[in-house]
Amino acid sequence: MKRGKTKRAMAAVLTVFFVTSIASPAAAVDSVLLSALLPGLGQVQDGHYGRGTAFAAAAIISATGLFATQINYARSAERYNNSKRDYLYYQTAIDNGQVVKIDGVNSTYTAMETGWNDAEDDKKWRNIFLGALIGVYAINLVDILVSGTDTGENVEPNQTSLEWHGDGLRLVRTIHF
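**Considerations on the pattern of salt bridges**
Taken as a whole, this structure holds 3 salt bridges when the rule is applied. In this structure, aspartate 118 engages arginine 79 in a salt bridge whose closest nitrogen and oxygen atoms are separated by 3.8 Å. With aspartate 118 in helix H5 (residues 102–146) and arginine 79 in helix H4 (residues 49–95), the pair connects residues that are 39 residues apart, well separated along the chain. Take arginine 79: its relative accessible area is 42%, and that puts it in the partly exposed class.

Here it is as C-alpha cells:
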C-alpha cells in the first residue's frame, strides 16, 4: 500500500471511531469496536444472532478468498518474471552473437504471456474479494450504528386485519387497554 493510501485509510478509520464514540452511547461503542474487529461480533453482542452470523460468514469467506487469490497472484507474477528473465537472456545471447533455437524463444515468450494473463486474472479476482471484504465491513458498521440492541421483548403482531362480512370487506383495528 502506498504511503498516501495508508494515511487516508487510517484517517477514515479514526473518523469512524470518532463519530461512533460521539453518536453512540458507551454500551454501543463496545458493539462498534467488536464489529470493527470482526464483522458480526457487535451484532451478536446486541442479540442479533442471525445478522451477526451472516456478517461473520461473509467476512470469513471474503478474507479467505482474498488470501487465496493473493497467493495465486504472487505465484503467477513470479512465473511471469522468471519467463521474462529467460526471454531477456535469449535477447542478450542474440546480441552477443550466440546461436539460439527459435523454439526456445517462442516457448519462453508463450510462457511469459501465459504468466502475464494468469497474473492479470488473479489480480482481478483479488480485487473483487478485497472489494467484497471492504463492503462487508462497511455494511456491518452501518448496520451496527443504525440498529439498536435486541431487548428480548416480544413485539405483538400488527393488530390490523381485513375481515369479510356479508356486505363486503372491513378494515378492523384492535386496541387493547
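Having seen it, we continue.
**Some details on the packing of aromatic side chains**
In this structure the tally under the stated criterion is 3 aromatic pairs. Where tyrosine 89 meets tyrosine 90, the ring centres are 6.4 Å apart and the plane angle is 55°; that geometry is what we call tilted. The ring centre of tyrosine 73 lies 4.6 Å from the NZ or CZ of arginine 126, which sits over that ring.

**So, the nonpolar core**
In this structure, Phe55, Ala59, Leu66, Leu133 and Val136 together form the largest nonpolar core, which totals 5 residues. Counting residues per element, the ones that place at least two in this core are H4 and H5. Among the elements that line this core, the one with the most residues is H4, at 3 residues. Once residues within four sequence positions are removed from consideration, valine 136 is found in contact with Pro39, Phe55, Ala58, Ala59 and Ser62.

**Brief notes about H4**
Helix length check: H4 (47 residues) gives 68 Å between terminal C-alpha atoms against 69 Å at 1.5 Å per residue, within 8%. Every buried residue belonging to H4 is among Gly52, Phe55, Ala56, Ala59, Ser62, Gly65, Leu66, Thr69, Ser76, Tyr80, Ser83 and Ala93, and all of these are buried. The elements touched by buried residues of H4 are helix H3 (41–45) and H5. Glycine 97 sits one or two positions beyond H4 and adopts a positive phi of about 85°.

The rules behind the values
- Here the residue numbers are simple positions, counted from 1 along each chain's written sequence.
- Reporting of local features is limited, given that this is a predicted model, to residues whose pLDDT is at least 70; pairs of side-chain atoms are given and counted only at 80 or more, and all residues count toward the totals for whole chains, interfaces and linings.
- To obtain the side-chain values, all non-hydrogen atoms of the structure were included, while hydrogens and water were left out.
- Salt bridge criterion: a side-chain nitrogen from Lys or Arg within 4 Å of a carboxyl oxygen from Asp or Glu.
- For helices the rule is a DSSP run of H or I covering at least 4 residues; for strands it is a run of E covering at least 2, with both sets numbered from the N terminus onward.
- Relative accessibility thresholds used throughout: buried, under 20% of the residue-type maximum; exposed, over 50%; partly exposed, between the two (1.4 Å probe, protein chains only).
- When the centres of two rings from Phe, Tyr and Trp lie within 6.5 Å, Trp using its six-membered ring, the rings pair. Their planes under 30 degrees apart give stacked, over 60 give edge-to-face, and anything left gives tilted.
- Criterion for a charge above a ring: Arg CZ or Lys NZ at most 6 Å from the ring centre, at most 35 degrees from the ring normal.
- Here, nonpolar core refers to any group of buried Ala, Val, Leu, Ile, Met, Phe, Trp, Tyr and Cys residues whose side-chain atoms link them within 4.5 Å.
- We call two residues in contact when some of their heavy atoms are within 4.5 Å.
- To estimate how far a helix should reach, multiply one less than its number of residues by 1.5 Å.

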